[in-house]
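For reference, the chains in residue letters:
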Amino acid sequence: MSLAFDENGRPVLILREQEKKARLRGIEAHKAHILAAKTVASTLRSSLGPKGLDKIIVDGDGGVTVTNDGATILQEMQVENEIAKLLVQLSKAQDDEIGDGTTGVVVLAGALLQQAELLLDRGLHPIRIADGFETACDIAVEHLKTQADTFEFTAEDPEQLVKTCMTSLGSKIVNRDLRHLAEVCVDAVLSVADLERRDVDFELIKVVGKEGGAMEDTQLIKGVIIDKQFSHPQMDKELKDVKIAILTCPFEPPKPKTKHKLNVKSKEEFEKLYKQEQAYFTEMVAQVKASGATLACSQWGFDDEANHLLLQNDLPAIRWIGGVEMELIAIATNGNIVPRFSDLTPEKLGTAGTVRELSFGTTKDKMIVFEDCPNQKAVTIFVRGGNQMIVKETERSIHDALCVARNLVRESTIIYGGGAAEITCSLAVSDAADKHSNVEQYAIRAFANALDDIPMALAANSGLDPVGTLAAVKAAQVETGNSFLGVDCALKGTNDMKAQGVFDPLSSKVQQFRLATQMVKMILKLDDVIVSGAYQ
Amino acid sequence: MASFGLQPVQILGDQGSEERGSLARLSSFVGAIAIGDLVKTTLGPKGMDKILQSEGMGASQRGSITVTNDGATILKSVLVDNPAAKILIEISKVQDDVVGDGTTSVCVLASRLLREAEQLVNQRIHPQVIIQGFRKAAEVAKDALVEFANLRDAEDTDGVRNDLLNIARTTLSSKVVFHDKNFFAEMCVDAVMRLRGSTDLEAIQIIKKTGGSLRESFLAEGFILEKKIGVGQPKRIENARIMVANTAMDTDKVKIFSTRVRVDESAKVAEIEAAEKDKMRAKVEKILAHDINVFINRQLIYNYPEEIFADNGVMAIEHADFDGIERLAMVTGAEIVSTFDHPDKVTLGSCDLIEEILIGESKMIRFSGVAEGAACTIVLRGASKQLLDEAERSLHDALCVLSQAIGEPRTIYGGGASEIHMAAAVEAAASVQGDKQALAMEAFARALRQMPTILADNAGYDSAQLVAELKAAHASGSSSACLDMYNGCIGDAIDLGVLESYKVKSSVVSSAAEAAEMILRVDDVIRQPVRQRAQE
C-alpha cells in the first residue's frame with residue numbers, strides 16, 4: 001500500500017491501523033477483480049452444457065462430492081476472494097429464482113468481464129463500459145422476447161414437458177437414464193400442480209435418496225415414504241385399506257409439564273401405582289383401537305409393554321416419525337394430527353390404500369411407503385443409485401429438472417437452447433451496435449462477443465472445434481434467419497434445436513442475462529478495495 | 001492461485017486448493033489405478049492374501065490383525081486421500097451390498113478401463129468421446145453376456161443343485177477356504193437350499209469357535225444360541241413351547257414419571273420390598289400361565305424369578321441380545337412378548353428339541369426341529385481368530401451369491417471365458433463403429449481381456465500365451481473354453497465346473513463402467529481447507 005510521508009519522513013496515517021490493511025485502487029483494482037472473476041468462471045466453464053465435465057470436491061473431513069452443478073461447485077469451493085464471493089452469490093440468486101442455469105450465468109459474467117478488460121486496456125472508462133453493457137442487455141432481452149416460442153402442453157400429453165426436463169437433466173451425470181428420470185420429474189410436478197392457477201407447491205414434492213440399487217429403480221411414489229420401520233418386527237409388513245391414527249403423544253405414561261414428585265410411602269400405594277400404570281397402557285391402546293384405526297403413527301417412542309400390546313391387538317405402529325414427515329402423512333391421508341389419545345375420533349383418522357415396508361439389497365435397510373392416499377397431492381421421488389455420491393448428484397439434478405418443469409407450468413414461453421438463443425442475441429446486438437454513435441458502440445459489440453462465449457464453451461465441452469462450430473452455426477442463422485439453430489452438443493447430427501427439443505424457459509434466459517450484466521456493472525463500478533486487517 | 005503482476009490474487013481459502021484440467025485428471029487416474037493395483041493380486045483362485053494391521057487409537061484395536069483376500073474388506077480398511085480412489089471404493093462397496101461378491105473384479109476392471117482411457121486422453125481424444133464409446137461398449141458387453149448365459153431348467157432339481165455347487169465352488173476357490181472348497185460348497189448350497197428361494201440370509205446363522213480345523217466345521221439344522229441355561233433347570237426339553245420375551249425381569253421399574261420411594265421407617269422398607277417381590281412373583285406366575293416350558297428373555301433375569309422358573313421346570317434363558325431374540329422369534333414362530341395378561345392372544349414358538357451342546361470348549365443351546373424350516377446354523381471351526389473371520393467372510397460371499405443365483409436361473413462360464421467372449425463382441429462392434437468412439441470401444445475390449453491375464457499372472461503362469469490360446473479357442477467356437485488355474489492350461493468350463501452367477505458378472509461390468517465414467521468426467525479437483533480437530 002502506498003503511504004504518504006511528511007517532510008520528516010513519518011508516514012501520514014489516514015486509515016486506522018493503516019499498515020495492516022490491504023488496498024487496491026484504480027485500474028489495478030479493476031484488473032485484479034476481473035482476474036479473480038475470470039478464474040472462478042473458467043472453473044465452471046468446463047461444466048457447462050450436456051457434455052460438461054464434473055468436479056470433485058473434497059470437503060474438510062475428506063468426504064468426496066462429485067458434481068457439475070454450478071451452484072453446488074461454487075458453494076463448496078469456499079472462496080475467500082471478495083469478487084469471487086460475488087459470483088457465488090450470483091449463481092445462488094439464479095438458483096433461488098429459477099433453479100437452473102446456474103453455471104451459464106457465471107460463465108456469461110466471466111465472458112463479459114473478459115471483454116471489459118480488453119476495453120479497459122483501450123482506455124475506455126469503466127462507467128461507459130457498464131452503460132454500454134446495460135444497453136446491450138436491453139437489446140438482447142427485447143430480441144429474445146421476439147424470438148420466443150410458446151410452449152403447449154396439457155396434463156394428458158406432457159411430452160413437451162418431458163423433453164424440457166431432459167434438456168435440464170442432460171447436463172448431469174444422470175444422462176444415462178434421461179428419459180425415465182425426466183418422466184418421473186414431470187409426473188411429480190403434474191401431480192402437485194394446480195394447472196388453472198398455474199401454480200406448483202414445492203412443499204408437496206419430497207426427494208428421498210437411498211444408496212443401493214440402480215438409477216433405473218428411481219421411482220415416483222404417489223404417496224409418502226419415510227425412513228422408518230414398524231415398531232415391532234412381527235407386525236404385518238403390508239396393510240391394505242388402512243385407517244391411520246396420527247399421534248404426537250408417546251405410548252408411555254403421561255409426563256406432566258409442571259415439575260412434580262410422586263412419593264411412594266407404603267406398600268398399598270406401591271401396588272396401586274402399578275395397577276394404574278398397567279391401566280394407562282391398556283387404556284391407550286383401547287382408545288386407539290376404539291377409534292377404528294388400523295395403524296398408529298407416533299412422533300414419539302413406545303414403551304416395550306405398549307409395543308407388545310399393540311402387536312397383540314393387531315395394531316401395527318410406527319414410532320419416532322419426524323415432524324415434517326408427520327405433516328406429510330397427515331396431508332396425504334387427510335388425517336388430523338392428534339395430540340392426545342382422548343381426542344382421537346374416527347373422523348380424525350387418515351386413510352391410505354396401502355402401507356408397506358420396503359427392504360433393500362443384502363443390507364438391512366427398510367422404509368415404509370404410504371400409497372393410494374386420498375390426497376394425491378403429496379408425492380415423493382425415491383432416488384436410487386450406485387452410491388452416496390451418485391444419489392446426491394441425482395437428487396440435485398432432479399431438483400433442477402423440477403424447477404424447470406415448474407417454470408414452464410407457470411410461464412409457457414420458451415427459447416431454444418444449445419447456444420441458439422445466445423447466437424441470435426449476439427447477432428442482434430452487434431447489428432444494433434453499429435447504430436450507436438458514441439463510445440458505447442464498442443461496449444455493445446463486446447457484449448455480443450461475450451454472448452458468443454457460451455456456444456463456444458458448449459462446443460469445446462462436447463469435443464467439437466469451438467471456433468469452427470460457432471462460425472458455422474452463426475452463418476447458418478444469418479443465412480436462414482432461423483433463431484433455433486444451435487450447437488449440436490448431443491452429436492445427433494443436426495443443428496436444429498427445435499427438432500432436438502432443446503429449450504429453456506424464456507424467464508430463465510432473461511434472468512441469466514440480467515443477473516450477469518448487473519453483476520458485471522457492479523464489479524466495473526468498484527475502483528477501490530480496502531481489506532480490514534484480520535481481527536486481532 | 002491466480003496472479004496479477006507480481007501480486008497474487010487469492011481466491012480460495014487459506015488451505016484450499018484447486019487442481020485443474022490435465023493435472024486433476026492425472027491425479028484421479030493415478031489414484032484409481034493404484035487402488036486397482038492394490039487389490040489386483042487378490043483376484044482369482046491363486047490370488048494372494050493381504051494383512052491389514054489396524055492403527056486404531058484404542059488399546060483394543062491397536063495392532064489387531066486381519067488376514068483377508070476379500071476385496072470389500074481390504075478396500076474398507078485402506079484409508080485413502082485421493083478422491084478418485086474414494087469413488088472407486090464407494091462403487092465397489094455398492095457391489096458388495098447388492099450382490100455380495102465381485103468387489104475385487106469391479107475395482108480391477110475399472111482401473112484397467114481408466115488405464116486404457118488415460119492413453120486415449122494422451123492421444124488428444126476428448127473424455128466425452130471416450131465416455132460415449134465406453135457406454136456403447138458396456139451395452140454390447142452386457143448383451144453379449146445375456147446371449148452367452150446358459151439358462152437353467154428350474155424343474156431339474158439335480159441340475160440346479162449341481163449348478164449351485166459349481167457356482168459356490170467357483171466363488172470359494174478364490175477364498176481362504178479353497179482347500180476345503182468342496183466341503184464348504186456343499187455346506188453353503190445345503191444352507192441356501194433350505195431358504196427355498198427366499199433371499200433372506202438372516203435365517204442362516206454363522207457361529208465361529210476357535211479350535212479344531214476348518215474341516216470340523218458343520219452345518220447344524222435349527223438354531224444355536226450362544227447362551228447358558230439357568231442353574232437347576234432342565235438341560236433338554238422335547239416338544240418345547242417357547243415364549244420369547246422382552247421384559248424386565250430384575251426389578252420392574254415403575255414407569256410413571258418421577259416416582260420415587262420415600263419411607264420413614266425401616267418396617268415399611270421391608271413391606272415395599274415384599275410388595276416388589278410379590279409383583280415379580282405375580283409376573284412370573286402370569287408368564288407360567290401361558291403353559292410354556294421355555295422362557296427366553298432379552299433382558300436380565302434375576303435370581304429370584306430364575307428360581308421360580310426352575311421350581312416349575314421351565315428352562316429360562318436370559319440376556320439373549322436383540323439380534324438373537326429377533327432371529328429366535330422368527331425361527332420358532334413366536335412373537336416377542338412384553339405383557340402377559342392375555343395368554344390366549346400370545347403366539348408361542350415351538351420346536352422339537354432344545355438341548356445344551358458342547359462345541360469346542362463352550363456350551364451352547366441348540367433348537368432343532370423349529371417351525372421355520374429355513375433356519376440353520378453354520379458352525380465354523382478353525383485354528384485362529386483371523387482364519388475364522390476370513391472364513392466367515394468367504395462363506396458370506398458364497399451365501400450371497402447363491403441366494404441371488406437361486407432367483408436368477410442364468411449362469412455363465414467362469415475362468416475368463418465370459419470376459420473373452422464379451423471382449424470379442426465389443427471388438428466386433430467397434431469395427432463397424434465409424435468414428436472416434438471405436439478407439440474407446442477397442443480400449444474397453446482390451447480392458448476386459450486384462451481380467452483373465454491377471455488371473456493367470458496371479459497364478460504364476462505365462463499369461464500372454466494362455467490368453468492368446470483362450471482367445472483362439474473362443475474364436476474357433478468352443479465357448480466353454482476357460483483357464484484351468486490348477487494345471488496352467490486351457491480347460492473346459494463344463495468339465496471343470498467353473499460356473500459363475502450371471503447377475504454378479506453383469507453387475508461387475510456395469511459398475512466398473514460406471515466408476516470409470518465417473519472418474520473420466522472429472523476435470524477439476526477442489527479441496528476445502530482441512531477441518532482442524534482438537535488434539536485428543
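Computed from a predicted model, the values in this text were never measured in an experiment.

Looking only at helices and strands, one finds 16 helices and 22 strands in chain B. In chain B, which comprises 536 residues, the proportion classed as buried is 55%.

Another aspect to go through is the pairing of strand S12 (residues 238–247) of chain A. Residue and element names in this part refer to chain A. Sheet topology note: the S12/strand S14 (residues 295–298) ladder contains four bridges and is parallel. If you follow Leu 247 over to S14, its bridge partner there is Ser 298. One ladder, built from two bridges, connects S12 with strand S16 (residues 337–338); its direction is parallel. Bridging from a neighbouring strand, Leu 247 pairs with Val 338 of S16.

Averaged over every residue, the pLDDT of chain B is 78; the share at 70 or more is 87%. Interface confidence for the predicted complex, given as ipTM, is 0.71, next to a pTM of 0.77.

Residue and element names in this part refer to chain A. One can describe the packing of helix H1 (residues 26–45) onto helix H3 (residues 82–97) by two numbers: an axis separation of 8 Å at closest approach and a directional angle of 45°. Relative to H3, the element H1 lies oblique. Helix-helix and strand crossings are classified by hand; for H1 and H3 the assignment is right-handed. Where H1 approaches H3, its residues His 33, Ala 36, Ala 37 and Val 40 are matched on the opposing element by Ile 83, Ala 84 and Leu 87. Tallied by class, the residues present in the contact of H1 with H3 amount to six nonpolar, one polar and no charged.

Taking 1.5 Å of rise per residue, 19 residues should cover 27 Å, and helix H16 (residues 502–520) of chain B covers 27 Å from first to last C-alpha, within 8% of that figure. For H16(B), the capping residue at the N-terminal end is Ser501(B), with a side-chain oxygen 3.3 Å from the backbone nitrogen of Lys503(B).

Below, the discussion takes up the packing of aromatic side chains. Evaluated as defined, the whole model comprises five aromatic pairs over all chains. Here the aromatic rings of Phe134(B) and Phe444(B) are separated by 5.7 Å at their centres, their planes lie at 70°, and the arrangement is edge-to-face. Here Phe134(B), found in helix H5 (residues 127–148), pairs with Phe444(B), found in helix H13 (residues 437–458); they are 310 residues apart in sequence, far enough to count as distant. The exposure class of Phe444(B) is buried, given its relative accessible area of 1%. Just above the ring of Tyr442(A) sits the side chain of Arg445(A); from NZ or CZ to the centre is 5.9 Å. Sitting over the face of the ring of Tyr502(B), Arg410(B) holds its NZ or CZ atom 4.2 Å from the ring centroid.

Looking now at the packing of helix H13 (residues 440–461) of chain A against helix H14 (residues 466–480) of chain A. Residue and element names in this part refer to chain A. Where H13 meets H14, the axes come as close as 8 Å, and the angle between the chain directions of the two elements is 125°. Taken as axis vectors, H13 and H14 run oblique relative to one another. For the pair H13 and H14, the sense of crossing is right-handed. Between H13 and H14, the contacting residues are Asp 452, Pro 455, Met 456, Ala 459 and Ala 460 on the first element and Pro 466, Thr 469, Leu 470 and Lys 474 on the second. Split into classes, the residues belonging to the contact of H13 with H14 amount to six nonpolar, one polar and two charged.

What follows covers the sheet that holds strand S7 (residues 204–210) of chain B. All names here are of chain B. Read across the sheet, three strands follow the order S7-S17-S8 without closing on themselves; strand pairing throughout is mixed. Each edge of the open sheet is held by one strand with a lone partner, namely S7 and strand S8 (218–221). Taken pair by pair, the neighbouring strands of this sheet meet at an average axis angle of 25°, ignoring direction. For S7 and strand S17 (residues 376–382), the ladder comprises seven bridges, and the chain directions are parallel. Bridge pairing in S17 links Ile 207 to Val 379.

Turning our attention to the side chain of His143(A). Residues and elements named next belong to chain A. If you trace the backbone, His 143 turns up in helix H5 (residues 126–147). Classification of His 143 as buried rests on a relative accessible area of 18%. Residues contacting His 143, with those up to four places away along its chain left out, are Thr 424, Cys 425 and Ala 428.

What follows covers the side chain of Ser191(A). Position of Ser191(A) among the secondary structure elements: in helix H7 (residues 178–192). Among the polar contacts listed, one links the side chain of Ser191(A) to the backbone oxygen of Asp187(A), at a separation of 2.4 Å.

All names here are of chain A. A sheet is described by the order of its strands in space; here three strands give the open sequence S9-S19-S10, paired in mixed fashion. Single-partner strands in this sheet number two, and they are strand S9 (205–211) and strand S10 (219–221). In this sheet, neighbouring strand axes are inclined to one another by 25° on average, regardless of whether the strands run parallel or antiparallel. In this sheet, strand S19 (residues 379–385) lies alongside S10 in antiparallel orientation, the contact comprising three bridges. Paired with Leu 220 across the two strands is Ile 381, which belongs to S19.

A separate point is the domain arrangement of chain B. Assigned domains within chain B: domain 1 (11–151 + 413–526) and domain 2 (223–372). Its C-alpha centre places domain 1 of chain B at a distance of 53 Å from the equivalent point of domain 2 of chain B.

Turning next to unusual backbone geometry. Although it is not a glycine, Asn334(A) sits at a positive phi angle of roughly 60°. For Asn334(A), the position within the fold is in the loop between helix H10 (323–333) and S16. Phi angles above zero are rare outside glycine, and Arg124(B) is one such case at about 65°. You can see Arg124(B) is positioned in the loop between helix H4 (103–122) and H5. You can call Arg124(B) exposed: its relative accessible area is 76%.

Right, let's get into the pairing of S19(A). Residues and elements named next belong to chain A. Counting buried positions along S19 gives seven out of seven residues, so the element sits mostly inside the fold. Side chains Val 379, Ile 381, Val 383 and Gly 385 project from S19 onto one buried face, and the interleaved Thr 380, Phe 382 and Arg 384 project onto a second face that is buried too. For S9 and S19, the ladder comprises seven bridges, and the chain directions are parallel. Bridge pairing links Val 208 to Phe 382 in S19.

A word on the pattern of salt bridges. Tallied over the full model, the rule gives 25 salt bridges over all chains. One salt bridge connects Asp523(B) with Lys55(A), and the closest N-O pair in it is separated by 2.7 Å. A residue pair is termed interchain when its members come from two chains, as with Asp523(B) in strand S22 (residues 522–527) and Lys55(A) in strand S4 (residues 54–58). No difference in accessibility class separates Asp523(B) from Lys55(A), as the two residues are buried. Residues participating in the shared-partner salt-bridge network are Lys208(B), Lys385(B), Asp389(B) and Glu392(B).

Once that is clear, we can look at the domain arrangement of chain A. Once the domains are mapped, chain A shows domain 1 (20–150 + 416–532), domain 2 (153–205 + 384–411) and domain 3 (224–375). Between the C-alpha centres of domain 1 of chain A and domain 3 of chain A there is a distance of 55 Å.

Taken together, the side chains of Glu268(A), Glu269(A), Glu271(A), Asp264(B), Glu265(B), Glu271(B) and Asp278(B) present a region of like negative charge at the surface. Contributions of two or more residues to the negative patch are made by helix H8 (267–290) of chain A together with helix H8 (266–288) of chain B. Of the residues forming the negative patch, the biggest block, three residues, is contributed by H8(A). Here Asp264(B) is to be found in the loop between strand S11 (259–261) and H8. Here Asp264(B) falls in the exposed class, since its relative accessible area comes to 60%.

Take a positive patch on the surface next. There is a patch of like positive charges on the surface, built from Lys259(A), Lys261(A), Lys265(A), Arg260(B) and Arg262(B). Positionally, Lys261(A) belongs in the loop between S12 and strand S13 (262–264). Overall, Lys261(A) belongs to the exposed group, its relative accessible area being 56%.

Here we come to a nonpolar patch on the surface. Taken together, Leu23(B), Leu26(B) and Val30(B) make up a surface patch of nonpolar side chains, about 270 Å² in accessible area. Along the chain, the position of Val30(B) falls in helix H1 (residues 21–40).

In terms of nonpolar packing, the biggest core is built from 204 residues, with Phe251(A), Val288(A), Leu295(A), Phe370(A) and Phe444(B) touching the most fellow members. If we ignore the near neighbours within four places in the chain, the residues touching Phe251(A) are Phe281(A), Met284(A), Val285(A), Val288(A), Ala296(A), Gly301(A), Phe302(A), Asp303(A), Ala306(A), Leu310(A) and Phe341(A). Counting residues in hydrophobic clusters, the runner-up holds 68 residues, among them Leu74(A), Phe133(A), Ile415(A) and Ile444(A).

What counts and how
Residues numbered from 1 in each chain as written. Chains lettered and ligands numbered in written order. Predicted model: local features only at pLDDT ≥ 70, side-chain atom pairs only at ≥ 80, totals over all residues. Heavy atoms only, no water. Helix = DSSP H or I, 4+ residues; strand = E, 2+ residues; numbered from the N terminus. Buried < 20%, exposed > 50% of the residue type's maximum accessible area, 1.4 Å probe, protein only. Pairing = 2+ DSSP bridges. pLDDT = per-residue confidence, 0-100. Axes fitted to C-alpha atoms, helices over the stretch in contact; angles between N-to-C directions. Parallel < 35°, antiparallel > 145°, perpendicular 65-115°, else oblique. Left-handed = near helix turned anticlockwise from the far one by under 90°. Contact = heavy atoms within 4.5 Å. Nonpolar A, V, L, I, M, F, W, Y, C, P; charged D, E, K, R; others polar. Expected span 1.5 Å × (residues − 1). Polar contact = N/O pair within 3.5 Å; in protein donor to acceptor, adjacent residues only side chain to side chain. Phe/Tyr/Trp six-rings, centres within 6.5 Å; stacked < 30°, edge-to-face > 60°. Lys NZ or Arg CZ within 6 Å of the ring centre and 35° of its normal. Domains from an automatic or database assignment. Salt bridge = Lys/Arg side-chain N within 4 Å of Asp/Glu carboxyl O. Patch = residues over 30% accessible without salt bridge, like charges linked within 9 Å, V, L, I, M, F, W, Y side chains within 5 Å. Areas by Shrake-Rupley, 256 points an atom, 1.4 Å probe, with all protein chains shown as cover. Lys, Arg positive; Asp, Glu negative; His and termini not counted. Charge placed at Lys NZ, Arg CZ, Asp CG, Glu CD. Core = buried A, V, L, I, M, F, W, Y, C linked by side-chain atoms within 4.5 Å.

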